[in-house]
Amino acid sequence: MRIARFSIDGNVAFGAVEGDAAPGNEASLVLDIIKGIPFADFELSGTKVPLSKVRLLPPVLPNKVVAIGRNYAEHAAELGNAIFDEQGRPDAPITFFKPSTSVVGPGDPITYPSFSQDLHHEAELAVVIGRMCREVPRERVKDVILGYTCANDVTARDVQQREKQWARAKGFDSSCPLGPWIETDLDPGDLTIQCTVNGQQRQLGRTSDMVRSIEDLVVHITEAMTLLPGDVILTGTPAGVGPLNVGDEVAVTIEGIGTLTNKVIKRG
Ligand code: MG
């Protein structure tokens, strides 16, 4: 099931997306409004609205976004970072937060930060947590995941390189576009993940190239902290990151999920 969050006539609701979501077919999509919330038992109301009549919102409002750095070897290499120790074993993943206030939805603008001259896109598979969990054993990881969506870990690369902590570089308002919806029936193990800017391909990878699997990441993160329903894990970006300029339209497409599109605007 594809679960979208949207506003219509001033009300916010979740809905199941029905129809063929292939690019170009968006006009045919319909939302069946959900009674309740997707993090507990819920029913479809049978009340349907065309997707064209609503405004899609971020599919979740996470309490926290836990992001992973350097999870694709080719991307780590393009920024000059090693991810394996001398024995060839992966180092512990880099883990950082993006604040809840960084989240925006599909079609929302990315505001170019005033304190950067080198904004970059990072297309990432996002894991949406479905239930409160801690110290999740590997064999239970699937039980705590609601589904998957597309993310852009927008990064002020110059600030990231200048400042030891990444809170400003990766945590500014609008630095975490999520969407367009959550796909709950998906094997995330080997999906194409792509980023285009103004229609030109910048990043193309496969989730099977992750250094650490989603199971590894959930075990690693929940060893340290409780995850809440709606929390999001960003799983790292493939090679090909590059600059975004004011006016650019950046799109993240993940096989089996859909496309997340956002435009970069100048700070007003
Ligand atoms: Mg990233």
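All values derive from a computational prediction rather than experimental measurement.

## A closer look at the coordination of the magnesium ion
- Protein-derived coordination of the magnesium ion comes from Glu-122 (OE), Glu-124 (OE) and Asp-153 (OD), at a distance range of 2.0 to 2.1 Å.
- Here the donor residues of the magnesium ion are spaced in sequence according to E-x1-E-x28-D. Linking Glu-122 in the loop between strand E10 (119-121) and strand E11 (123-129) with Asp-153 in the loop between strand E12 (145-152) and strand E13 (155-156), this pair joins segments that are 31 residues apart in sequence.
- Judged by its relative accessible area of 4%, Glu-122 is buried.

## A look at the sheet that holds strand E15 (residues 192-197)
- An order of E9-E20-E19-E15-E16 is seen for the 5 strands of this open sheet, with the pairing classed as mixed. Here the strands that pair on one side only, and so sit at the sheet edges, are strand E9 (110-111) and strand E16 (200-206).
- The pairing of E15 with E16 spans 6 bridges and is classified as antiparallel. Looking at the pairing, Thr-196 lines up with Gln-201 of E16.

## Some details on the domain arrangement of the protein chain
- Partitioning the protein chain into domains gives domain 1 (2-56) and domain 2 (65-266).
- For domain 1 versus domain 2, the separation of C-alpha centres amounts to 24 Å.
- Taken residue by residue, the interface counts 11 residues in domain 1 and 15 residues in domain 2.
- Interface area, domain 1 with domain 2, both sides summed: about 1000 Å², of which 63% is carbon and sulfur.
- At the junction of domain 1 and domain 2, the tally comes to 2 salt bridges.
- As a salt-bridge pair, Arg-2 and Glu-183 come within 3.5 Å of each other at their nearest N and O atoms.
- Counting across the interface, domain 1 meets domain 2 through 4 residue pairs in polar contact (both at pLDDT 80 or more).
- Counting only elements with at least two residues in the side of domain 1 that touches domain 2, the list comes to strand E1 (2-8) and strand E5 (55-57).
- By residue number, the principal contributor to the side of domain 1 that touches domain 2 is E1, which donates 3 residues.
- Split by residue class, the side of domain 1 that touches domain 2 holds 9 nonpolar, no polar and 2 charged.

## A short note on the environment of Pro-109
- Inspection of the secondary structure puts Pro-109 in the loop between strand E8 (103-104) and E9.
- Overall, the relative accessible area of 35% leaves Pro-109 in the partly exposed class.
- Separated by 65 residues in the primary sequence, Pro-109 and Ser-174 have C-alpha atoms spaced 7.3 Å apart.
- Not counting the four nearest positions on each side in its chain, Pro-109 is found in contact with Val-104, Ser-174, Lys-263 and Ile-265.

## Some points on the nonpolar core
- Phe-6 and Trp-181 are the most contacted members of the largest nonpolar core, which has 55 residues in total.
- Look past the residues within four positions of Trp-181 in its chain and what remains in contact with it is Arg-2, Ile-3, Ala-4, Val-17, Ala-21, Leu-29, Leu-51, Leu-56, Pro-59, Tyr-148, Thr-149 and Ile-257.
- Val-60, Ala-67, Cys-176 and Leu-234 belong to the second largest nonpolar core, which has 15 residues in total.

How each quantity is defined
- Residues numbered from 1 in each chain as written.
- Predicted model: local features only at pLDDT ≥ 70, side-chain atom pairs only at ≥ 80, totals over all residues.
- Heavy atoms only, no water.
- Donors = N, O, S within 2.8 Å, 3.2 Å for Na, K, Ca; no water.
- Helix = DSSP H or I, 4+ residues; strand = E, 2+ residues; numbered from the N terminus.
- Buried < 20%, exposed > 50% of the residue type's maximum accessible area, 1.4 Å probe, protein only.
- Pairing = 2+ DSSP bridges.
- Domains from an automatic or database assignment.
- Contact = heavy atoms within 4.5 Å.
- Buried area = accessible area lost by both parts, 1.4 Å probe.
- Salt bridge = Lys/Arg side-chain N within 4 Å of Asp/Glu carboxyl O.
- Polar contact = N/O pair within 3.5 Å; in protein donor to acceptor, adjacent residues only side chain to side chain.
- Nonpolar A, V, L, I, M, F, W, Y, C, P; charged D, E, K, R; others polar.
- Core = buried A, V, L, I, M, F, W, Y, C linked by side-chain atoms within 4.5 Å.

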